[in-house]
Amino acid sequence: MNQTIRVRYAPSPTGLPHVGNIRTALFNWLFARHNKGKFILRIEDTDVARTQPGALESIMDSLRWLGLDWDEGPEAGGPYSPYFQSQRLGIYRSIAEKLIAAGQAYHCFCSPERLQAMREEQTKRKEPPRYDRHCRDLPAAEVARLRGEGVVPVVRFNIPLEGRTVFKDLLRGEVSFENSTLDDLVLLKSDGYPTYHLANVTDDHLMEISHVLRADEWLSSTPRHVLLYDALGFQPPVFAHLPIILGPDRAKLSKRHGATAVTEFKEQGYLPEAMVNFLSLLGWSLDEKTELMSREELVANFSLERVSRTAAIFNLEKLNWMNGVYMRKLRPQDLCEKVMPFIESGLGPEPKCPVSDEYVSQITPLVQDRARTLREFAEFSDFFFYEDLKYEAGMLLKGVKSRDTALHALQTARQAIAELPRFDATSLECLFRPLAAELGLKPGEFFGLTRGAVTGKTATPPLFETMAVLGRERCLKRIDVAVKNLSVLKPS
RNA sequence: GGCGCAUUCGUCUAGCGGCCUAGGACACCUCCCUCUCAAGGAGGAGACCACCGGUUCGAAUCCGGUAUGCGCUACCA
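Along each chain, residues carry numbers from 1 onward, in the same order as the chain's sequence is written. A letter from A marks each chain and a number from 1 marks each ligand, given out in the order of writing. Two thresholds apply to this predicted model, a pLDDT of at least 70 for residue-level local features and 80 or more for giving and counting side-chain atom pairs, whereas whole-chain, interface and lining totals are computed over all residues. Just so you know, side-chain values use all the structure's heavy atoms and leave hydrogens and water out.

**Q** Could you give an account of the overall build of chain A, with specific residues and numbers?
**A** Put simply, DSSP H or I for four residues or longer makes a helix, DSSP E for two residues or longer makes a strand, and each gets a number counted from the N terminus. In terms of regular secondary structure, chain A is built from 19 helices and eleven strands. Within these notes, the globule rule equals 2.2 Å times the number of residues to the 0.38 power, and the radius of gyration is based on C-alpha atoms. Relative to a compact globule of 492 residues, whose C-alpha radius of gyration would be 23 Å, chain A shows 32 Å and is clearly more extended. Projected onto its principal axes, the C-alpha positions of chain A cover 105 × 50 × 35 Å. For each residue, the accessible area found with a 1.4 Å probe, counting protein chains only, is set against the maximum for its type, and the residue is called buried under 20%, exposed over 50%, and partly exposed in between. Buried positions account for 51% of the 492 residues belonging to chain A.

**Q** Any chance you could break down the domain arrangement of chain A for me, citing the residues and the numbers?
**A** Annotation comment: domain bounds sourced from an automatic or database domain assignment. Along its sequence, chain A is organised into domain 1 (6-84 + 245-313), domain 2 (88-200), domain 3 (330-384) and domain 4 (393-487). Distance from the C-alpha centre of domain 1 to the C-alpha centre of domain 2: 31 Å. Each partner contributes residues to the interface: domain 1 has 15 residues there, and domain 2 has eleven residues. Two parts placed together each lose some accessible area under a 1.4 Å probe, and adding up what both lose gives the buried area. Summed over both partners, the interface of domain 1 with domain 2 buries about 1000 Å², with 52% contributed by carbon and sulfur atoms. Salt bridges are counted wherever a side-chain nitrogen of Lys or Arg sits within 4 Å of a carboxyl oxygen of Asp or Glu. Applying the counting rule to domain 1 against domain 2 returns zero salt bridges. Counting of polar contacts relies on pairs of N or O atoms within 3.5 Å, with two restrictions inside protein: one atom must be capable of donating a hydrogen and the other of accepting it, and residues adjacent in sequence are counted only when both atoms are side-chain atoms. Counting the contacts that link domain 1 with domain 2 gives four residue pairs in polar contact (both at pLDDT 80 or more). Throughout, a contact is declared for two residues whenever any of their heavy atoms are within 4.5 Å.

**Q** Describe in detail the packing of aromatic side chains, supporting the description with residues and values.
**A** Two rings belonging to Phe, Tyr or Trp (six-membered ring only in the last case) form a pair when the distance between their centres is within 6.5 Å. Interplanar angles under 30 degrees mark stacking, angles over 60 mark edge-to-face geometry, and anything in between is tilted. Applying the stated criterion to the full structure yields 16 aromatic pairs. Geometrically, the ring pair formed by Phe 265 and Phe 314 is tilted, given 5.7 Å between the ring centres and 55° between the ring planes. In this pair, Phe 265 is assigned in helix α8 (residues 262-267) and Phe 314 in the loop between β11 (312-313) and α11 (316-329), connecting sequence segments 49 residues apart. Using a relative accessible area of 7% as the deciding quantity, one classes Phe 314 as buried. Members of the aromatic cluster, connected to one another through ring pairs, are Phe 265, Tyr 270, Phe 278 and Phe 314.

**Q** Would you mind going over the pattern of salt bridges in detail, with residue names and values included?
**A** For side chains bearing opposite charge, pairing can occur when the charged atoms are close. This model, assessed by the stated rule, comprises 33 salt bridges. In this structure, Glu 121 and Arg 125 form a salt bridge, with 3.4 Å as the shortest nitrogen-oxygen distance. For Glu 121, a relative accessible area of 35% puts it in the partly exposed group. Taking the relative accessible area as the measure of exposure, Arg 125 reaches 47% and is therefore partly exposed. Glu 387 is paired through a salt bridge with Lys 477; the nearest N and O atoms lie 3.8 Å apart. Here Lys 477 lies in helix α19 (residues 472-487) and Glu 387 lies in the loop between α14 (374-380) and α15 (403-419), a separation of 90 residues in the sequence. Exposure remark for Lys 477: the relative accessible area of 41% places this residue in the partly exposed category. Within this structure, Arg 8, Arg 42, Glu 44, Arg 88, Asp 203 and Asp 204 form a network of salt bridges that share partners.

**Q** Residue-level account of the sheet that holds strand β4 (residues 154-157), with values.
**A** Taken together, the three strands give an open sheet; going across it, the order is β3-β4-β7, and neighbouring strands pair in antiparallel fashion. Every other strand in the sheet has two partners, leaving β3 (105-108) and β7 (186-188) as the edge strands with one partner each. Within the sheet, the average angular offset between the axes of one strand and its neighbour, ignoring direction, is 45°. Paired strands, in this sense, are two strands between which DSSP finds at least two bridges. Looking at chain direction, β4 and β7 are connected through two bridges and run antiparallel. Note that in β7 the partner of Arg 156 across the bridge is Val 186. Inter-axis angles, ranging from 0 to 180 degrees, are taken between N-to-C directions of lines fitted to C-alpha atoms, where helices are fitted over the stretch in contact.

**Q** A description of the environment of Pro 112 should follow, citing residues and the corresponding values.
**A** For Pro 112, the position within the fold is in helix α4 (residues 112-124). Owing to a relative accessible area of 58%, Pro 112 belongs among the exposed residues under this scheme. As for Pro 112 and Val 48, which are separated by 64 residues in sequence, their C-alpha atoms are 17 Å apart.

**Q** Mind laying out unusual backbone geometry, listing which residues take part and the relevant values?
**A** Omega for the peptide link from Ser 81 to Pro 82 comes to -5°, which places this bond in the cis form. A positive phi angle, near 60°, is found at Arg 133, a position not held by glycine. On the accessibility criterion, Arg 133 (24% relative accessible area) is partly exposed.

**Q** Tell me about α11, and name the residues and values.
**A** Look at α11: 20 Å from first C-alpha to last across 14 residues, which is about the 20 Å you get at 1.5 Å a residue. Along α11, the positions that sit buried rather than exposed are Leu 319, Asn 320, Met 322, Asn 323, Gly 324, Val 325, Tyr 326 and Met 327. On its buried side, α11 packs onto α8, α9 (272-280), α12 (332-346) and α14. Between the first and last residue of a helix there are one fewer steps than residues, each counted as 1.5 Å, and that sum is the expected span.

**Q** Describe the pairing of strand β9 (residues 238-242), with residues and values.
**A** Among the five residues of β9, four are classified as buried, and the element is accordingly described as predominantly covered. Of the pairings in the sheet, the one linking strand β8 (residues 211-215) to β9 comprises five bridges and is parallel in character. Considered in β9, the bridge of Ala 215 is made with Leu 242. A crossover counts as right-handed when, viewed with the strands pointing away from the observer, the path leading from the first strand over the helix to the second turns clockwise. Taken together, β8, helix α7 (residues 222-232) and β9 form a β-α-β motif whose crossover is right-handed.

What follows is the structure in structure tokens.
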């Protein structure tokens, strides 16, 4: 096959794009870029009731955020316009009419009520619920009568009553279905919109899609599509059904499992490059060891042969780890820039120090190794920004013998700090180590106590660097507050 | 219920007949480093390769069956 590779991502704008969904987009994109082909974005807005206003924007935002650029589609345009199925209604109608004329499809006047009753009846009799082909061979006179009554029909496809439909799936090999298990699916709905099946087959053909890489849940409807291609005299594309993504409970990933929309990951402070890397490993692998790959490496190495066939569980822990790796790889000034909005929005309304580039760039090297997401970065460094700390005074006593020991140590530290000629990390350490010995405290005890006073936390970046960034005045003030907090505590 | 797909450590996976007494990664545990927390380094535990048959000198790898899971079974995609 030496035609150019053309693949598409064809979401329906019914909500926020899901990570599973976007993983399919990623694989399509990687396949296109690896093969120097085209990646097309096509919007399948054929369900009027389910289409949501902002969905298109969030689909495009998600793709852009991950760097999955499309060659044809909304905003990009392209030779096969339009790329919105709702703007191609005439095409589907004429295809449907062509099928009817050829005896490959028919009008069906059955009401939704009749269909539902029929299915209930079938289920009760333990039969597979299937359209009973009531309208398949309706006499012309009957059709005219129903028409006259104003019943708007749907168009159904004539599935062959016998035989098998066999097709090749790139990942699963030959797949075969008994035609008798398929029913006469609806092609054109009564509102004039096509169903997925018609629109999909029509557009994939017209847009010269070479490979259909879609989620596994479509495998069962592929024989219908193959039959449709046949009826229309179209050459079917190559199919590859990708494994789906499950939540930790092995059920299809959904809102119950926490964040699932791509935009949520963005808001939670994940980096797009980490996301792309992580998602690429959900159902694909390069070899037995390589895990960390740049976008370029992924493009260079991606191949369908190495896509697995089994559903994968979305492992948030691993994403967190990988995001941390990418955070640590960032140049400090880049991290600084990326984390800024999270600091600004992540801090509450309480009075806080000004958030400046200069200040944040001092904090960045201290927190970079410690945070796994940008949001976590903001949380870990919040004490740098709040003017007043909130903590339980008892926290200060953790690891210290008594309240009075702590009070004395803090007061001693306060005075020493106030008199320190140079307020930097090295000077502070040279001051504190001997001071701990003088106080009869272990360094860890003394440092921990000071840490609590100065940050309100038990776990922070290294004490002296942290103090140096906070500045002398703020440290003194916070120690004063700590002393006050301890004084009102019962002696221990 | 019918049809289809799948089944290797808790999780993501490597493996496409002998290199496997099954490799890597996350998570977990221990130790080192260390002012806390991380990061980093060194180890460890963790999979009778779903089960049962078969093919073969030899099977995680091929075939059949069973079980389990998932998907589809709409005028939704």
